[in-house]
Amino acid sequence: MATDAGNPIPRFPAGFLWGVSTSAHQIEGAADEREPSVWDAFTAEPGRVKDGSTAAVACDHVHRHREDVALLAGLGVDAYRFSLSWPRLRSGKKGLDFYDRLVDDLCAAGVRPVPTLFHWDLPADLDWLERDTAERFAEHVSLVAGRLGDRVTKWITLNEPAEHTLLGHALGVHAPGGKLLFDALPVAHHQLLAHGLAVRALRASGAADIGIANSHGPTWAASTEAADVEAAEFYDLLLNRLFADPLLLGRYPDGIGELMPGDVEADLKVIAEPLDWYGINYYAPTRVGAPQGAEIEFGGVTMPAELPFSVREIEGHPVTDFGWPVVPEGLTELLTAFRDRYGDRLPPVVITENGCSYPGVDDQDRIAYLDGHVRALHRAVEAGVDVRGYFVWSLLDNFEWAEGYARRFGLVHVDFGTLERTPKASYHWYRELLRAQEPTA
Ligand code: BGC
């Protein structure tokens, strides 16, 4: 793939926030030092995780966070997005002390902490099908903000409620393993409500810089046939509007609100609490056509025949070792389409995740992927989209959910036998990019 090598990456606006992302369950380990989450029960079931692994040790970040903070400082990022494990924070002083130290160490290293309050590791006794989980989340957020809010100023409520609903509750590929198809919609509503209540709790604690990290990508119809276009529009609604419309417009797309539980109109007022910025996780576009009347295996996910769409291959682009197409221009397309769709209801955007899975330490493919996407992001900025930051997924190779340790997304290689960290070529590349973006005196 062409890297545009030789042409320097254009400069981004002053104050642009450069970072990397991780999540608690994927890196922390120290599972015996916290309460169980839905992911512990799920991974214990044979066949759920492809390589049969668990996240009990993962990168052992809880015991090695000093080394990881040093890697962040060496990289020169402005900010570090990580997640706070609700099960760890419920397990008493030790959990809170860990995050206290992590936040202190980040601040001392000059790296701004940007915690996500929920990244899929729900305490095992809770369930997003229950409305009460949203209320419990808000109480939890109040406690956390009270403890960390003196040093944490930028917050993310939820990570990808769309994927958590789809993969975890509709298709059964992620924890907790629900295969409810469209009966999973209350999970979406309760997460949105949890988000809105969390925004209120954060504001009450004085927070003034709050966002959410949603997964989005362009949806391309498989053909111009009406059945394919209709199927693609429906997929676009699920991925790009089901969460964004209530958050940004205060309403569900037509026909969806009626399917949600509770007093939806009243909840929408909470859900649409104004945000300071809107986080987007972008990986690739999706090509979608009419249903094909049979189960489809795609990107490690089995999609049942009953779905009103079918996901198709995108041809003519390189693919990552996960099989995901590499389409940097999809990021420009997505951002300009979002700006056009939501207009002045869209707050400034931050790319909260972007990255790819490839093996090896001399990861030229990852450099090409990131180079292409940063340039595509700059084209969106030039086209007038207000983008304020970019976070690479991920700092470390980690536990990639149902794929176990087989997929490596890190800028830093982790040997899962010895837990040794080795910066990859992409780590050095990103460091140079960040240096070149520093303001000149
Ligand atoms: C998630 C991450 C995940 C990454 C790569 C995102 O959907 O937020 O947890 O590791 O994609 O699959």
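To be clear, the structure that these remarks concern was listed above.
Residues numbered from 1 in each chain as written. Predicted model: local features only at pLDDT ≥ 70, side-chain atom pairs only at ≥ 80, totals over all residues. Heavy atoms only, no water.

*Asks:* Please explain the sheet that holds strand β2 (residues 79-83) as it appears in this structure.
*Replies:* Note on sheets: strands pair through backbone hydrogen bonds, and any given pair is parallel or antiparallel. What the eight strands build is a closed barrel, ordered β1-β2-β3-β4-β5-β7-β12-β13; its pairing is parallel. This sheet shows a mean twist of 25° between the axes of neighbouring strands, independent of strand direction. Bridge count between strand β4 (residues 155-159) and strand β5 (residues 210-215): three bridges; the pairing is parallel. Paired with I156 across the strands is G211, a residue of β5. Packed on one face of the sheet, helix α12 (residues 329-342) meets β7 (278-281), β12 (349-353) and β13 (387-393) and runs near 150° to β7. (Pairing = 2+ DSSP bridges. Helix = DSSP H or I, 4+ residues; strand = E, 2+ residues; numbered from the N terminus. Axes fitted to C-alpha atoms, helices over the stretch in contact; angles between N-to-C directions. Contact = heavy atoms within 4.5 Å.)

*Asks:* Explain the environment of S310 here, please?
*Replies:* When you line up the elements, S310 lands in strand β11 (residues 310-312). In this structure S310 comes out as buried when scored by relative accessible area, which is 2%. When the C-alpha atoms of S310 and F298 are compared, they prove to be 9.4 Å apart, with twelve residues separating the residues in sequence. Of note is the side chain of S310, whose polar atom sits 2.6 Å from the backbone oxygen of A290. Within the local environment of S310, its side chain forms a polar contact with the side chain of R312, the two groups lying 3.0 Å apart. (Buried < 20%, exposed > 50% of the residue type's maximum accessible area, 1.4 Å probe, protein only. Polar contact = N/O pair within 3.5 Å; in protein donor to acceptor, adjacent residues only side chain to side chain.)

*Asks:* It is not clear to me how helix α14 (residues 425-437) should be interpreted in this structure. Could you clarify?
*Replies:* One turn of the α-helix equals 3.6 residues, which is why residues spaced by three or four share an orientation. End to end, α14 covers 19 Å across 13 residues, agreeing with the expected 18 Å (1.5 Å per residue, within 8%). Of the residues making up α14, those classed as buried are A425, S426, Y427, W429, Y430, L433, L434 and Q437. Tucked into the core, α14 has its buried residues touching β1 (17-21), α3 (61-75), α13 (364-382), β13, β14 (412-414) and β15 (421-423). (Expected span 1.5 Å × (residues − 1).)

*Asks:* So what exactly am I meant to see when it comes to the site of the ligand here?
*Replies:* The immediate surroundings of the ligand are formed by Q26, H119, W120, N159, E160, Y283, W324, E353, W393, E400, W401 and F409. A distance of 2.8 Å separates an oxygen atom of the ligand from a polar atom in the side chain of Q26. The contact in question runs from an oxygen atom of the ligand to an N or O atom on the side chain of E160, over 2.6 Å. For the ligand, the protein covers 93% of the area, taking 310 Å² as the surface of the free molecule. Per-class residue counts for the shell around the ligand are six nonpolar, three polar and three charged. (Near = heavy atom within 4 Å. Areas by Shrake-Rupley, 256 points an atom, 1.4 Å probe, with all protein chains shown as cover. Nonpolar A, V, L, I, M, F, W, Y, C, P; charged D, E, K, R; others polar.)

That's the geometry; what it means functionally is another story.
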